[in-house]
Amino acid sequence: MKPVVREYTNDETLKNDVLELKAQGVNPKDLYVLSHDDERTNRVAGNADANTIGLSEMGLGTAVGNMFSKKGDELRAKLQEVGFSEAEAEAYEEKLDQGKILLIVTDHERAKSLV
């Protein structure tokens, strides 16, 4: 199944939703934050006690390839690694270009409150 995604423009709202999901039993390892800016991604993930899409999710080949990729290519690769198709990754990457930040939840059963 595809991960559940919610788009945000407000970092604090994302943090509050993460807290609510954890209160509902979602494991923090199933919560990922992604934005176009690595610093913002790391800051929000740290504040919300969520994850970023890193080496353990991507695999070594993708991670090394991302070192030489443009930012958009890197973001699309990360989205594909967590379960999105190429077209879906492209659509979400466009949202990131618009300044959105994504909360990606891989626990499909408990993430229904986000939908």
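Basis of the calculations
- Residues numbered from 1 in each chain as written.
- Predicted model: local features only at pLDDT ≥ 70, side-chain atom pairs only at ≥ 80, totals over all residues.
- Heavy atoms only, no water.
- Axes fitted to C-alpha atoms, helices over the stretch in contact; angles between N-to-C directions.
- Helix = DSSP H or I, 4+ residues; strand = E, 2+ residues; numbered from the N terminus.
- Parallel < 35°, antiparallel > 145°, perpendicular 65-115°, else oblique.
- Left-handed = near helix turned anticlockwise from the far one by under 90°.
- Contact = heavy atoms within 4.5 Å.
- pLDDT = per-residue confidence, 0-100.
- Salt bridge = Lys/Arg side-chain N within 4 Å of Asp/Glu carboxyl O.
- Buried < 20%, exposed > 50% of the residue type's maximum accessible area, 1.4 Å probe, protein only.
- Polar contact = N/O pair within 3.5 Å; in protein donor to acceptor, adjacent residues only side chain to side chain.

Per an unreviewed UniProt entry, the protein goes by the name General stress protein and belongs to Metabacillus flavus.

Undergrad: An account of the packing of helix α1 (residues 11-23) against helix α2 (residues 38-48) is needed here, citing residue identities and associated values.
TA: Where α1 meets α2, the axes come as close as 9 Å, and the angle between the chain directions of the two elements is 40 degrees. As the angle between them shows, α1 and α2 are arranged oblique. Judged by the sense of rotation from one axis to the other, the crossing of α1 with α2 is right-handed. Residues Asp 11, Leu 14, Lys 15, Val 18 and Lys 22 of α1 lie in contact with α2, whose contacting residues are Arg 40, Arg 43, Val 44, Asn 47 and Ala 48.

Undergrad: Describe in detail the confidence of the model for the protein, supporting the description with residues and values.
TA: Looking at the protein, the pLDDT average stands at 83 and 82% of residues meet or exceed 70. This stretch, residues 55-68, has a pLDDT under 50; its non-local contacts, to residues over four places away or in other chains, come to 17 contacts.

Undergrad: Describe the pattern of salt bridges, and please don't skip the residues or the numbers.
TA: This structure, assessed with the given rule, holds 10 salt bridges. With a shortest N-O distance of 2.6 Å, Asp 11 and Arg 40 are connected by a salt bridge. With a gap of 29 residues between them, Asp 11 in helix α1 and Arg 40 in helix α2 connect regions that are remote in the sequence. According to the relative accessible area criterion, Arg 40 is buried, its value standing at 15%. The partner of Lys 78 in a salt bridge is Glu 74, and the shortest N-O contact between them spans 3.3 Å. On the criterion of helical spacing, the pair formed by Lys 78 and Glu 74 is a turn pair, its members being 4 residues apart in helix α5 (residues 71-81).

Undergrad: Let's hear about the side chain of Ser 35: which residues, and what values?
TA: Relative to the helices and strands, Ser 35 resides in the loop between β2 (31-34) and α2. A relative accessible area of 1% means that Ser 35 is categorised as buried. Polar side-chain contacts of Ser 35 include one of 2.9 Å to the backbone oxygen of Asp 37. Of the polar contacts made by the side chain of Ser 35, one reaches the side chain of Thr 41; its length is 2.8 Å. In this structure, Ser 35 is in contact with Arg 40, Thr 41, Leu 75, Leu 96, Lys 100 and Ile 101, ignoring residues within four places of it in sequence.

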